[in-house]
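# Summary of structural features
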Amino acid sequence: KFRIHYGVFNASYATMHLTETTLNEKPVYHIKGAGKSTGLLHLFFKVDDKYETYIDRNEVKPYRFIRNIYEGGYTKDIQIDFDHKNGKALVHDKKNKKRDTLDIKPSTQDMMSAFYHLRNTVDIHDLKKGDSFKLPMFFDKENFEFKLKFLGRDTLKTKFGKAAALQFRPYVMSGRVFREEESLTVWVSDDLNKVPLQIKAKLAVGSLTASLDGYNGLKHPFSSLIKRK
């Protein structure tokens, strides 16, 4: 669970939740992400976002991605089914009642599965400042190359005490949401969990900070956390 601040506002809370299930008889992880505005900001700019991905348990590749968002009147309701064998993405735009089939590159990820893919493949013990990682991503109806750069190790103050952290720079698309390609910085725990601890973003209007507010069910001990005495 993450607490999100937009400027001086406590803007919202966001959650990510993972369960095991099956999709078309394939064993998958079902990951749900949700974010909703709260408090005073909710009166001026209502946000109600839902994201889902179904990923293969062994290869960490997506089979289905769902994006259903409401952001101050801007809406999208899209489901993408990935056919990796034939290199296709089946895009169902439910809002506009359109269906498209587009080509995708091998090992393509969606915007949620990419995090889990990188978490599984990046070896934190061999990381060197300046290391970068690239992978193909499909978002809405577009293929692009996602890039992540390692900025170095850091000690971060969190709600749970100080934590050893790894600092990364995901390169994002500038435009409606982000001010520029280098608008996003992410800190994850320097342990086997690689839990996101904090995210800072320079938006087209203002800035946003998301901080870890709660967690449970971690696979490994939260060893990067220096607990309060």
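Residues numbered from 1 in each chain as written. Predicted model: local features only at pLDDT ≥ 70, side-chain atom pairs only at ≥ 80, totals over all residues. Heavy atoms only, no water.

## Observations regarding unusual backbone geometry
As a reminder, the rule being used: Secondary structure follows DSSP: runs of H or I at least 4 residues long count as helices, runs of E at least 2 residues long count as strands, and numbering of each begins at the N terminus.
A positive phi angle is found at N24, which is not glycine, with a value near 50 degrees. Positionally, N24 belongs in the loop between β2 (9-23) and β3 (26-37).

## Description of the pairing of strand β14 (residues 207-212)
Which entries qualify depends on this criterion: In this scheme, strands are said to pair when DSSP sees at least two bridges between them.
Sheet analysis places strand β1 (residues 2-6) next to β14, joined by five bridges and oriented antiparallel. Across the sheet, the residue bridging to H5 is T209, located in β14. Sheet topology note: the strand β13 (residues 196-202)/β14 ladder contains five bridges and is antiparallel. Counted as the bridge partner of Q198 is S211 from β14.

## Structural notes on the pattern of salt bridges
Here is the rule: What counts as a salt bridge is simple: a side-chain nitrogen of Lys or Arg found within 4 Å of a carboxyl oxygen of Asp or Glu.
For the structure shown, the criterion picks out ten salt bridges. Residue D103 pairs with K88 through a salt bridge whose shortest N-O separation is 2.4 Å. In this pair, D103 is assigned in strand β8 (residues 98-103) and K88 in strand β7 (residues 88-93), connecting sequence segments 15 residues apart. Several salt bridges converge on common partners, so that one network encompasses R67, K76 and D140.

## A look at the confidence of the model for the protein
Basically, it comes down to this: Confidence scores here are pLDDT values: one per residue, from the predictor, ranging 0 to 100. Should any heavy atoms of two residues lie within 4.5 Å, those residues are counted as being in contact.
For the protein, per-residue confidence averages 88 on the pLDDT scale, and residues scoring 70 or more make up 87% of the total. Contacts of residues 175-180 to residues separated by more than four positions or lying in other chains number 21 contacts, the stretch itself having pLDDT below 50.

## Concerning the pairing of strand β5 (residues 62-71)
Heads up, the condition is: Three labels apply to residues, based on accessible area from a 1.4 Å probe with only protein chains included: buried if under 20% of the type maximum, exposed if over 50%, partly exposed otherwise in between.
The element β5 is extensively covered by neighbouring structure, given that eight of its ten residues are classed as buried. Judged from the nine bridges that link them, strand β4 (residues 47-56) and β5 form a sheet pairing that is antiparallel. For K50, the partnering residue across the bridge sits in β5 and is N68. Between β4 and β5, which pair antiparallel in sequence order, lie five residues; one of them, V60, sits at a positive phi of approximately 50 degrees.

## A word on the side chain of H30
Applied cut-off: Whenever a nitrogen or oxygen atom comes within 3.5 Å of another N or O atom, the pair is scored as a polar contact, on the condition that within protein one atom can donate a hydrogen and the other can accept it, and that pairs from neighbouring residues in sequence are kept only if both atoms are in side chains.
Residue placement: H30 occurs in strand β3. At 3.3 Å, the side chain of H30 forms a polar contact with the side chain of Y54. Those residues in contact with H30 that sit more than four places away from it in its chain are H17, L18, T19, T21, E52, T53 and Y54.

## Looking at the nonpolar core
Here is the rule we go by: The nonpolar core is taken to be a set of buried Ala, Val, Leu, Ile, Met, Phe, Trp, Tyr and Cys residues, with the residues joined through side-chain atoms within 4.5 Å.
Core analysis: the biggest nonpolar cluster contains 18 residues, and L118, L127, F146, L166 and F168 have the highest contact counts within it. Contributions of two or more residues to this core are made by α2 (113-121), β9 (132-139), β10 (142-158), β11 (161-171) and β12 (184-189). By residue number, the principal contributor to this core is β10, which donates four residues. When neighbours within four sequence positions are excluded, L127 is seen to be in contact with V122, F133, F150, R153, L166 and F168. F65, I80, A89 and V91 belong to the second-largest nonpolar core, a separate cluster that totals 15 residues.

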